[in-house]
Amino acid sequence: MNLHKKHFQFPTVILVALLAVALSPNTFAGSTTLTLGDYFSSKDLTNKIEYLEDPKANFDITHLLSTPSIYSFTKSAQNSLNFGYTSSAYWLRWSMEYSSPDKEDWFLNIADPLLDHADLYIVKSDGSIKVNRSGQSIKQSAREIAGRSPLFKIEGTPGTTDTLYLRVASDDPLQLQLSLYSSTAMIEDTFSSTALIGAYYGIMLVMLLYNLFLFATLRERSYLFYCTYLMCLIPAQMSFDGLSYQLLWPESPWWANRAAVLLSGAVALAGTQFARVFLKTSIHTPILDRFLIMLLVAAALVIPCSLTYPYPVAATAGVGIAVVFAILMLTTAIIGYLQNVPNAKFFLIAWLTFTAGLLIRALTTTGQLEINPFTLYAAQFGTALETVLLSFALADRINCIQREKREAQQLAASALEQSNIDLKETNKVKDEFLATISHELRTPMNGIQGMLDLIKSTPLST
């Protein structure tokens, strides 16, 4: 029997609990029982389970098994379990009947990389209990299967039925999407998700390097702030996807939580400054620019807050600054477009795609939209398209600057040519004036010079 010491301190209670399970292995079978045969796809478990709220987060698996009658589980009837911000823990329960003639491994995936605690208790038909722990509070090396999000392996013995209890708790919003995969489906899903994630971060890195090169060449300030925004957005998205915890700091649960909040503030800070410089809000919309400066200050305060305040407070601040940032950026884009601010059209389209991606992902998380590769990665699609469109906007801005420069040079050349023509005309007039004056002066001077010559050459009388 594989039991975790922390949860089982009273041998008598354990004995009673195991005896109860052994005597009635199918106690919870029925509407929440999944029959698994030769199945090589995936199943959504969210609307096939029962859940129980643990307000004080002090329920124990032994209590649930020994006195099941005092706990009232609620049947889930939705495509998603969205409990929002809560200090409660939740217990999920369902049964799995293995009808396949061969032993099959199944994989339970919880599509929430930020979930802090996910403890799976597999109550076997022989009364033994297997405990697996995952979640962002557990180091990657301590998990049975390391990965971006909590993932559990369930070994199915033909002709048996297991009852599964999943305890979840988190300081972040509890939005649960549970999927059960066969081995084949797990391989296919891992391949497709890896391909999509790799394509997304490949696009982001290419855009970053390309625009860094343009900044080094053009020395345009807008490119500098755009690249700074990307350098904050990429690791922030990695934190939300669970990649940072899996690849960069797999042994630091504390920093995995804090990094997401800190990077949210950094994204808001860099993105707001980029908008101010790109749209020249201090010139075109000075009143709106004051609100953007206030957002800059708030975003800057979130960064130290993420490291010093309790995590629930810091997380709330991070979510708040992200929401205000998205709303204010969209407002800035709309106002700029209505006031015909240069390049505001591209900026507006970019932020509309960003907002649409977040909205689709939120609707998917809350069960309003069906889960598929597009809806599951809508936020990534939105941010990738946003960065491409902003890069196009920067390129259009540079083209406008160069076009204005060429027009100014053409005007300057035309003005210079006209100035040369005017100068030639002026010189011609000057020459004619000097010739006339010279002629008018030489005629009397010649007469005077002749008279002087006569005086010098003729004897003078008294």
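Data block above holds the structure.
Let me begin by describing the structure that accompanies this report. (Residues numbered from 1 in each chain as written. Predicted model: local features only at pLDDT ≥ 70, side-chain atom pairs only at ≥ 80, totals over all residues. Heavy atoms only, no water.)

1. A closer look at the sheet that holds strand 7 (residues 104–110)
The strand order across the open sheet built from four strands is 2-13-7-10, with neighbouring strands paired in antiparallel fashion. Sheet topology places strand 2 (42–44) and strand 10 (151–156) at the edges, where each strand pairs with a single neighbour. Neighbouring strand axes in the sheet, compared pairwise and without regard to direction, differ in orientation by 25° on average. Set on the sheet, helix 3 (residues 183–218) makes contact with strand 2, strand 7, strand 10 and strand 13 (178–182); between it and strand 13 the angle comes to about 115°. (Pairing = 2+ DSSP bridges. Helix = DSSP H or I, 4+ residues; strand = E, 2+ residues; numbered from the N terminus. Axes fitted to C-alpha atoms, helices over the stretch in contact; angles between N-to-C directions. Contact = heavy atoms within 4.5 Å.)

2. Let's talk about the side chain of Ser149
Looking at the secondary structure, you find Ser149 in the loop between strand 9 (129–134) and strand 10. A distance of 3.1 Å separates a polar atom in the side chain of Ser149 from a polar atom in the side chain of Asn109. (Polar contact = N/O pair within 3.5 Å; in protein donor to acceptor, adjacent residues only side chain to side chain.)

3. Some points on the nonpolar core
Residues Tyr229, Phe274, Phe325, Met329, Phe347 and Trp351 are the most contacted members of the largest nonpolar core, which totals 63 residues. Elements that contribute at least two residues to this core include exactly helix 3, helix 4 (221–241), helix 6 (253–279), helix 8 (286–308), helix 9 (311–338), helix 10 (344–365) and helix 12 (378–457). The residues contacting Tyr229, other than those within four sequence positions of it, are Val267, Ala270, Gly271, Phe325, Trp351, Glu386 and Leu390. If you look at the next biggest cluster of nonpolar residues, it comprises 27 residues, including Leu108, Leu115, Ala118 and Leu166. (Core = buried A, V, L, I, M, F, W, Y, C linked by side-chain atoms within 4.5 Å. Buried < 20%, exposed > 50% of the residue type's maximum accessible area, 1.4 Å probe, protein only.)

4. Looking at the packing of aromatic side chains
Applying the stated criterion to the full structure yields 17 aromatic pairs. Between the aromatic rings of Tyr200 and Tyr201, the centroid separation amounts to 4.7 Å while the plane-to-plane angle is 75°, which identifies the pairing as edge-to-face. Considered together, Tyr200 and Tyr201 belong to a single accessibility category, that of buried residues. Centre to centre, the rings of Phe274 and Phe278 are 5.4 Å apart; their planes meet at 25°, and the pair counts as stacked. Here the residue Phe274 and the residue Phe278 both occupy positions in helix 6, the gap between them amounting to four residues, near one helical turn. When sorted by exposure, Phe274 lands in the same class as Phe278, which is buried. Joined through ring pairs, the aromatic side chains of Tyr226, Phe274, Phe278, Phe325, Phe347, Trp351 and Phe354 make up one cluster. The ring of Phe73 carries the charged tip of Arg93 above its face, separated from the ring centre by 3.9 Å. (Phe/Tyr/Trp six-rings, centres within 6.5 Å; stacked < 30°, edge-to-face > 60°. Lys NZ or Arg CZ within 6 Å of the ring centre and 35° of its normal.)

5. Considerations on the pairing of strand 9
Of all the six residues making up strand 9, five are buried; the element is thus mostly covered by neighbouring parts of the structure. Sheet analysis places strand 8 (residues 117–123) next to strand 9, joined by six bridges and oriented antiparallel. Bridged to Ile122 within strand 9 is Lys130. Between strand 8 and strand 9, which pair antiparallel in sequence order, lie five residues; one of them, Gly127, sits at a positive phi of approximately 95°.

6. Things to note about the packing of helix 3 against helix 4
At a closest axis distance of 9 Å, the pairing of helix 3 and helix 4 adopts a crossing angle of 160°. Relative to helix 4, the element helix 3 lies roughly antiparallel. In the packing of helix 3 onto helix 4, the handedness of the crossing is left-handed. Contacts between helix 3 and helix 4 pair Ile197, Tyr200, Tyr201, Met204, Leu205, Met207, Leu208, Asn211, Leu212, Leu214, Phe215 and Leu218 from the former with Tyr223, Leu224, Tyr226, Cys227, Leu230, Met231, Leu233, Ile234, Gln237, Met238 and Asp241 from the latter. Of the residues belonging to the contact of helix 3 with helix 4, the class tally is 20 nonpolar, two polar and one charged. (Parallel < 35°, antiparallel > 145°, perpendicular 65-115°, else oblique. Left-handed = near helix turned anticlockwise from the far one by under 90°. Nonpolar A, V, L, I, M, F, W, Y, C, P; charged D, E, K, R; others polar.)

7. Description of the pattern of salt bridges
Within the structure shown, the criterion is met by seven salt bridges. With a shortest N-O distance of 4.0 Å, Lys103 and Glu155 are connected by a salt bridge. Of this pair, Lys103 sits in the loop between strand 6 (89–98) and strand 7 while Glu155 sits in strand 10, placing them 52 residues apart in sequence. Overall, the relative accessible area of 33% leaves Glu155 in the partly exposed class. For Lys153, the salt bridge is made with Asp105, and the minimal N-O distance between the two is 3.6 Å. One end of the pair, Lys153, is in strand 10; the other, Asp105, is in strand 7, and 48 residues separate them in sequence. (Salt bridge = Lys/Arg side-chain N within 4 Å of Asp/Glu carboxyl O.)

8. So, the environment of Ala111
Within the secondary structure, Ala111 sits in the loop between strand 7 and strand 8. Looking at Ala111, the relative accessible area reads 24%, which means it is partly exposed. Discounting residues that sit within four places of it in the chain, Ala111 has contacts with Gln177 and Arg361.

9. Topic: the environment of Arg221
Counting through the fold element by element, Arg221 comes out in helix 4. Classification of Arg221 by relative accessible area gives exposed; the value is 51%. Considering only alpha carbons, one finds Arg221 and Phe278, 57 residues apart in sequence, at a separation of 8.6 Å.

10. Quick word on the environment of Phe433
Note on placement: Phe433 falls in helix 12. C-alpha of Phe433 to C-alpha of Thr285: the two residues are 148 residues apart in sequence and 57 Å apart in space.

As far as function goes, none of this settles anything; it's purely spatial.
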